[in-house]
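Residue strings, one per chain:
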Amino acid sequence: MNKTILFDLDGTLIDSTPAILDGFNQAFRAHGAFEPNSQDIKSLVGHPLDIMFARLGVNNELIDSYIEAYKARYQEIYLDQTTLLKFAKEAVKLASQIADVGVVTTKTSKFSAILLEHLDIMQYVKTLIGRNDVANPKPNPEPINLALARLGKDGPQDRANTFMIGDTCMDMCAARAAKVNGLALLCGYGTFDVLQTCSDKIFSNSLEAVRYIQNL
């Protein structure tokens, strides 16, 4: 297939907000610290965990311990507390009919693969890039570059026919840096006012974005 469609995960295909908030709150409780404001946590979703904890005020020397506590809790609850966003399955299924499909996320690939299998959409995904697969996560282009390399589609023409679908400006900045097309979504953590600063193509959900690609 000539086209490639790469999806972000949180806020693009799935809603794992309850599990994320629960995990963060448990990490702070485990260290005897006050739980952060939920909106502050949600505003950071999409960043790697170390950056999220740092911006929530955790001292650098404690970040690894907080991440360990978060992951221990998250592993217990994430399958039960994560759902597909509306139209997400239809979007991925349609995408697989018109393009090679990948997922590029700042979650670890281990959790992401299990989750996508549980939600019955892993069957449509040809490559999955998680935080542990790269040295530099989004907004760096490395995750997109790695996805394209694994698909054997990293030439200039391949990039012209590649689309990164995500709900934050980190996704859009990574797309721009990788010289692929960025399509922004309003169904996740990014607001219209913020997304319009980094993308001129904004859609309500992932299915709208895939239909746009289909009709090009």
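Now for a look at the structure at hand. All values reported here derive from a predicted model rather than from experimental measurement.

What counts as what
- Residues numbered from 1 in each chain as written.
- Predicted model: local features only at pLDDT ≥ 70, side-chain atom pairs only at ≥ 80, totals over all residues.
- Heavy atoms only, no water.
- Helix = DSSP H or I, 4+ residues; strand = E, 2+ residues; numbered from the N terminus.
- Rg over C-alpha atoms; globule rule 2.2 N^0.38 Å.
- Buried < 20%, exposed > 50% of the residue type's maximum accessible area, 1.4 Å probe, protein only.
- Contact = heavy atoms within 4.5 Å.
- Areas by Shrake-Rupley, 256 points an atom, 1.4 Å probe, with all protein chains shown as cover.
- Lys, Arg positive; Asp, Glu negative; His and termini not counted.
- Charge placed at Lys NZ, Arg CZ, Asp CG, Glu CD.
- Pairing = 2+ DSSP bridges.
- Axes fitted to C-alpha atoms, helices over the stretch in contact; angles between N-to-C directions.
- Core = buried A, V, L, I, M, F, W, Y, C linked by side-chain atoms within 4.5 Å.
- Polar contact = N/O pair within 3.5 Å; in protein donor to acceptor, adjacent residues only side chain to side chain.

Below, the discussion takes up the overall build of the chain. A tally of regular secondary structure across the chain gives eleven helices and eight strands. The C-alpha radius of gyration of the chain comes to 17 Å, within 12% of the 17 Å expected for a compact globule of 216 residues. Across its three principal directions, the C-alpha atoms of the chain cover 55 × 30 × 30 Å. Out of the 216 residues in the chain, the part that is buried amounts to 53%. In the chain, the share of contacts with a sequence separation of at least 24, taken over all contacts with a separation of at least 6, comes to 65%. Here the chain displays about 9,800 Å² of accessible surface, and carbon together with sulfur accounts for 48% of that area. Of the side chains in the chain, 21 bear a positive and 25 a negative charge, and the two mean positions are spaced by 6 Å.

Further remarks concern the sheet that holds strand β6 (residues 162-166). Ordered in space as β5-β4-β1-β6-β7-β8, the six strands form an open sheet in which the pairing is parallel. One side of each edge strand has no neighbouring strand; the edge strands of this open sheet are β5 (127-129) and β8 (202-203). Relative to β8, strand β7 (residues 181-185) is paired through two bridges, and the arrangement is parallel. From the neighbouring strand, alanine 184 faces β8, where its bridge partner is isoleucine 202. Packed onto the sheet, helix α7 (residues 142-151) meets β1 (4-7), β4 (100-104), β5 and β6 and runs at close to 155 degrees relative to β5.

Core analysis: the biggest nonpolar cluster contains 54 residues, and Phe7, Leu13, Phe24, Phe53 and Ile165 have the highest contact counts within it. Per-element accounting of this core gives the leading share, seven residues, to helix α4 (residues 63-77). Residues within four places of isoleucine 165 in sequence aside, it is in contact with Ile5, Leu6, Phe7, Asp8, Thr12, Leu183, Leu185, Ala209, Val210 and Ile213. The next biggest cluster of nonpolar side chains, apart from the first, holds twelve residues, and it includes Val134, Ile144, Met164 and Ala175.

Next up on the list: the side chain of lysine 138. Looking at the secondary structure, you find lysine 138 in the loop between β5 and α7. Among the polar contacts listed, one links the side chain of lysine 138 to the side chain of aspartate 8, at a separation of 2.9 Å. Polar contacts involving the side chain of lysine 138 include one to the main-chain carbonyl oxygen of valine 104, which spans 2.9 Å. Leave out the neighbours within four places in its chain, and lysine 138 touches Asp8, Val104, Thr105, Thr106, Pro143, Met164, Met170, Asp171 and Ala174.

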